[in-house]
Amino acid sequence: QVQLVEIGGGLVQTGGSLRLSCAASGRTFSNYGMAWFRQAPGKEREFVAGTRWRGGNTYYADSVKGRFTISGDNAKNTVYLQMNSLKPEDTAVYYCAARTQPSAVLVPTTPSRYDYWGQGTQVTVSS
């Protein structure tokens, strides 16, 4: 069994910063890339940022580009999300995910392309 655990969520004021961490543990698995998604109340889960280990490619949703940075360590199956200049619309539960299959798309943005998920961590940005 593989487990992903996110930490680092919390309450922050508009313009503030948070850093999320996600570590995978359990059995060894083929990890082709990891990503962050988020889900706000009443909305669908949406892609935030992702990375492809081979080549070090990263990709961001337009809504977070320039404010969020994804990084990680493939050998440790760990991924981070540095979130700066936070806005109230960033409020959501943030999930990390890992995929075990290669893809023609460097960084898939569809949740169904990811095989393992964390339990989520709440990020609340107050105005």
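For the structure itself, consult the block above.
The model shown is predicted, which means the values in this text are computed figures rather than measured ones.

### Points about the packing of aromatic side chains
For step 1, the next point in the chain: If you walk through the whole model with that rule in mind, you get six aromatic pairs.
For step 2, the next point in the chain: Ring plane angle 80 degrees and centroid distance 5.6 Å describe the contact between F37 and F47, whose orientation is recorded as edge-to-face. With a gap of ten residues between them, F37 in strand β4 (residues 33–39) and F47 in strand β5 (residues 46–52) connect regions that are remote in the sequence.
For step 3, the next point in the chain: The buried category is assigned to F47, whose relative accessible area is 9%.
For step 4, the next point in the chain: Seen from their ring centres, F47 and Y59 are 5.9 Å apart, and the 35 degrees between their planes marks the pair as tilted.

### Considerations on unusual backbone geometry
One can expect most non-glycine residues to show negative phi and most peptide bonds to be in trans.
For step 1, the next point in the chain: In this model, N77 sits at a positive phi of 50 degrees, which is unusual for a non-glycine residue.
For step 2, the next point in the chain: Following the sequence through the fold, N77 ends up in the loop between β7 (68–73) and β8 (78–83).
For step 3, the next point in the chain: Non-glycine residue S85 carries a positive phi angle of around 50 degrees.
For step 4, the next point in the chain: Structurally, S85 can be placed in the loop between β8 and β9 (92–99).
For step 5, the next point in the chain: With a relative accessible area of 40%, S85 lands in the partly exposed category.

### Some words on the pattern of salt bridges
For step 1, the next point in the chain: Per the counting criterion, the structure on display carries four salt bridges.
For step 2, the next point in the chain: E46 is the partner of R38 in a salt bridge, and the nearest nitrogen-oxygen pair spans 2.6 Å.
For step 3, the next point in the chain: The exposure class assigned to R38 is buried, which follows from its relative accessible area of 5%.
For step 4, the next point in the chain: The shortest N-O distance in the salt bridge between R38 and D90 comes to 2.9 Å. Taken together, the positions of R38 in strand β4 and D90 in the loop between β8 and β9 put the pair 52 residues apart, joining distant regions of the chain. We note that R38, like D90, is buried.

### A short note on the state of the cysteines
For step 1, the next point in the chain: According to the stated counting rule, one finds one disulfide in the structure shown.
For step 2, the next point in the chain: Between the sulfur atoms of C22 and its disulfide mate C96 the distance is 1.9 Å. Disulfide C22-C96: the torsion about the S-S bond is 45 degrees, which places it as right-handed. With C22 in strand β3 (residues 18–26) and C96 in strand β9, the pair connects residues that are 74 residues apart, well separated along the chain. Considered together, C22 and C96 belong to a single accessibility category, that of buried residues.

Cut-offs and rules
- Residues numbered from 1 in each chain as written.
- Predicted model: local features only at pLDDT ≥ 70, side-chain atom pairs only at ≥ 80, totals over all residues.
- Heavy atoms only, no water.
- Phe/Tyr/Trp six-rings, centres within 6.5 Å; stacked < 30°, edge-to-face > 60°.
- Helix = DSSP H or I, 4+ residues; strand = E, 2+ residues; numbered from the N terminus.
- Buried < 20%, exposed > 50% of the residue type's maximum accessible area, 1.4 Å probe, protein only.
- Salt bridge = Lys/Arg side-chain N within 4 Å of Asp/Glu carboxyl O.
- Disulfide = S-S within 2.5 Å.

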